[in-house]
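Inside the fold
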2 protein chains.
Amino acid sequence: MRISELVETTGVPLATVKYYLREGLLPSGRPVGAKLSDYGEDHVRRLALVRALRDTAGLPLASVRTIVALIDAPEGDLVASLGRAIAALPPTVDPAGSGPYPRAAGVAREIGANIDPDSTAMAQLEDALEAAESVGLGISDERARVYARHVRAIAEFDVAAVPTGDRGAAIEYSVLGTAIYEPVIAAMRRLAHQHVARAAGADGAGR
Amino acid sequence: MRISELVETTGVPLATVKYYLREGLLPSGRPVGAKLSDYGEDHVRRLALVRALRDTAGLPLASVRTIVALIDAPEGDLVASLGRAIAALPPTVDPAGSGPYPRAAGVAREIGANIDPDSTAMAQLEDALEAAESVGLGISDERARVYARHVRAIAEFDVAAVPTGDRGAAIEYSVLGTAIYEPVIAAMRRLAHQHVARAAGADGAGR
């Protein structure tokens, strides 16, 4: 399809499409003449991904570029690529503060043994736990155990749903699923607070 | 204590303390002379709360004011006050879009029967589910059931930990606990993805 049809199909304005092309977020079309290029379904899909990461997940351009490059990289270690792609998602952590993560280490032990102690998610957890501590809500061992058990069960469902086979598709799904389902889970927890507090006949505590 | 001691004890700069006093986020001290006021432990605690909501949870001043007013209100329905306080937390939802929330209603049914269908968390869930759908990751019935089961279990732990007795303390704890533990749970889920993917011997999918 021509670039005008790509604009019509995706609803992404022409100026934005051209900007993404210049920035390398969208691969060039196939040249079919002096000034014409042909675009396909992969361009439609890529535009949806870039829009989702930019507008829905609120990522800066540099992070989107990192993720797109990892999806397009034809080889390399998939585990490492996934790790780097997920690490490009917010919240941003201080790059200087590269461990140790004493608070996160204690909680990670409750989750499982196969966790990279230097991963970005460890730094993110350390920051979150430090914030909790600073307002007098440091996480107790029991809370860590309860949260770990249920978060692991959620992760088991998530990981089983990741498409296998196509490497780029697995990275794309994992990045989007991580970013997109976090606010879903947060809102569901708030609703569960309502339900549990009322079901307990409590006077609304925790709503 | 004098205002200079309040500054020293809390580490909050004098200009900020005065600003919070002017804005009504911090109650005035007890007058003990023509130009002197006496501050107590409740002022220290309130400063910690305001800082946590401003800096850690990133709330705008107007939202902090809403929450503080609800904590200080001596009477009224506790359930309604808790609802309004939690509703002041991000993410912001379009006030015009006051239901119905068709996607959220389906998921809420999996969580439990005691959910206010017009609550802000319903609007937040609807927004999150719409975003998921827009990138082709609409939530399946099975995913809704799995998430609901485990989020409810987390909420049962949360609600049981809310202090009873003091109304203001219950609201303060619930607001902080909602805001502060959301990033903890998100980071724990990312680590659980790592653990589960590796434990399954998968080639890293979901990390």
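Here is a short report on the structure shown in this document. On a predicted model such as this, the values are computed, not experimentally measured, just so you know.

Points about the overall build of chain A
Along its length, chain A carries nine helices and two strands. Along chain A, helices and strands appear, N-terminal first, in the series α-α-β-β-α-α-α-α-α-α-α. At 21 Å, chain A has a C-alpha radius of gyration far larger than the 17 Å of a compact globule built from 207 residues. Intrachain contacts of chain A at a sequence separation of at least 6 include 54% that bridge at least 24 residues. Carbon and sulfur atoms make up 52% of the accessible area of chain A, which totals about 9500 Å². Of the side-chain charges in chain A, 22 are positive and 26 negative, and the distance between the mean point of each set is 5 Å.

Some words on the relation of the copies chain B and chain A
Superposing the two chain copies requires a rotation about an axis and a translation along that axis. When chain B is brought onto chain A, the operation consists of a screw motion whose angular component is 180 degrees and whose axial shift is 0.0 Å, with 0.0 Å RMSD remaining. In symmetry terms, the pair is related by a two-fold rotation axis. Every residue of chain B has its C-alpha some distance from the rotation axis, and the shortest such distance is that of His-150 of chain B, at 2.6 Å. Residue by residue, 99% of the interface of chain B is reproduced at the interface of chain A, so both copies engage with the same surface.

Focus on helix α2 (residues 14-22) of chain A
Residues and elements named next belong to chain A. Three or more residues of α2 are buried, namely Thr-16, Val-17 and Tyr-20. Projection of α2 onto a plane perpendicular to its axis shows the buried side chains occupying an angular sector of 100 degrees, all on one side. In this structure, α2 carries Ala-15 and Arg-22 as exposed residues pointing more than 90 degrees from its buried face. The secondary structure elements touched by the buried residues of α2 are α1 (3-10) and α3 (41-56).

Things to note about the packing of aromatic side chains
In the structure shown here, the tally under the stated rule is six aromatic pairs over all chains. On the basis of an interplanar angle of 40 degrees and a centroid distance of 6.2 Å, the ring pair of Tyr-19 of chain A and Tyr-20 of chain A is categorised as tilted. Given a relative accessible area of 30%, Tyr-19 of chain A falls into the partly exposed group. Each ring, one from Tyr-181 of chain A and one from Tyr-147 of chain B, has its centre 6.1 Å from the other, and the planes form 85 degrees; the classification is edge-to-face. Taken together, the positions of Tyr-181 of chain A in helix α9 (residues 167-199) and Tyr-147 of chain B in helix α8 (residues 141-160) put the pair across two chains. The same class applies to Tyr-181 of chain A and to Tyr-147 of chain B, which are both buried. Among the aromatic residues, those joined into a ring-pair cluster are Tyr-147 of chain A together with Phe-157 and Tyr-181 of chain B.

Quick look at the interface of chain B and chain A
Contacts between chain B and chain A engage 81 residues on the former and 80 residues on the latter. Regarding the contact of chain B and chain A, the summed buried area is about 7600 Å², with carbon and sulfur atoms giving 73% of it. Counting every contact that joins chain B to chain A gives six salt bridges. In this structure, the salt-bridge partner of Arg-190 of chain B is Glu-182 of chain A, at a minimum N-O distance of 2.8 Å. Counting the contacts that link chain B with chain A gives 31 residue pairs in polar contact (both at pLDDT 80 or more). Of all elements in the fold, only α3 (41-56), α5 (78-87), α6 (102-111), α7 (120-134), α8 and α9 (167-199) of chain B reach the threshold of two or more residues within the side of chain B that touches chain A. Considered class by class, the residues forming the side of chain B that touches chain A number 52 nonpolar, 17 polar and 12 charged.

Considerations on the pattern of salt bridges
The tally for this structure, following the rule as stated, stands at 20 salt bridges over all chains. With its nearest N and O atoms 2.9 Å apart, the salt bridge here joins Asp-158 of chain A to Arg-189 of chain B. On the criterion of chain membership, the pair formed by Asp-158 of chain A in helix α8 (residues 141-160) and Arg-189 of chain B in helix α9 is interchain, its members lying in two chains. Arg-189 of chain B carries the same exposure label as Asp-158 of chain A, and that label is buried. One connected set of salt bridges, linked through shared partners, spans Arg-103, Glu-126 and Glu-133 of chain A.

Here's the deal with unusual backbone geometry
Cis geometry is found at the peptide bond from Pro-90 of chain A to Pro-91 of chain A, where omega equals 0 degrees. Summarising the element assignment, Pro-91 of chain A is placed in the loop between α5 (78-87) and α6 (102-111).

Basis of the calculations
- Residues numbered from 1 in each chain as written.
- Chains lettered and ligands numbered in written order.
- Predicted model: local features only at pLDDT ≥ 70, side-chain atom pairs only at ≥ 80, totals over all residues.
- Heavy atoms only, no water.
- Helix = DSSP H or I, 4+ residues; strand = E, 2+ residues; numbered from the N terminus.
- Rg over C-alpha atoms; globule rule 2.2 N^0.38 Å.
- Contact = heavy atoms within 4.5 Å.
- Areas by Shrake-Rupley, 256 points an atom, 1.4 Å probe, with all protein chains shown as cover.
- Lys, Arg positive; Asp, Glu negative; His and termini not counted.
- Charge placed at Lys NZ, Arg CZ, Asp CG, Glu CD.
- Least-squares fit on C-alpha atoms with pLDDT ≥ 70 in both.
- Buried < 20%, exposed > 50% of the residue type's maximum accessible area, 1.4 Å probe, protein only.
- Arc of directions from axis to C-beta.
- Phe/Tyr/Trp six-rings, centres within 6.5 Å; stacked < 30°, edge-to-face > 60°.
- Buried area = accessible area lost by both parts, 1.4 Å probe.
- Salt bridge = Lys/Arg side-chain N within 4 Å of Asp/Glu carboxyl O.
- Polar contact = N/O pair within 3.5 Å; in protein donor to acceptor, adjacent residues only side chain to side chain.
- Nonpolar A, V, L, I, M, F, W, Y, C, P; charged D, E, K, R; others polar.

All we've got here are geometric facts, nothing functional implied.
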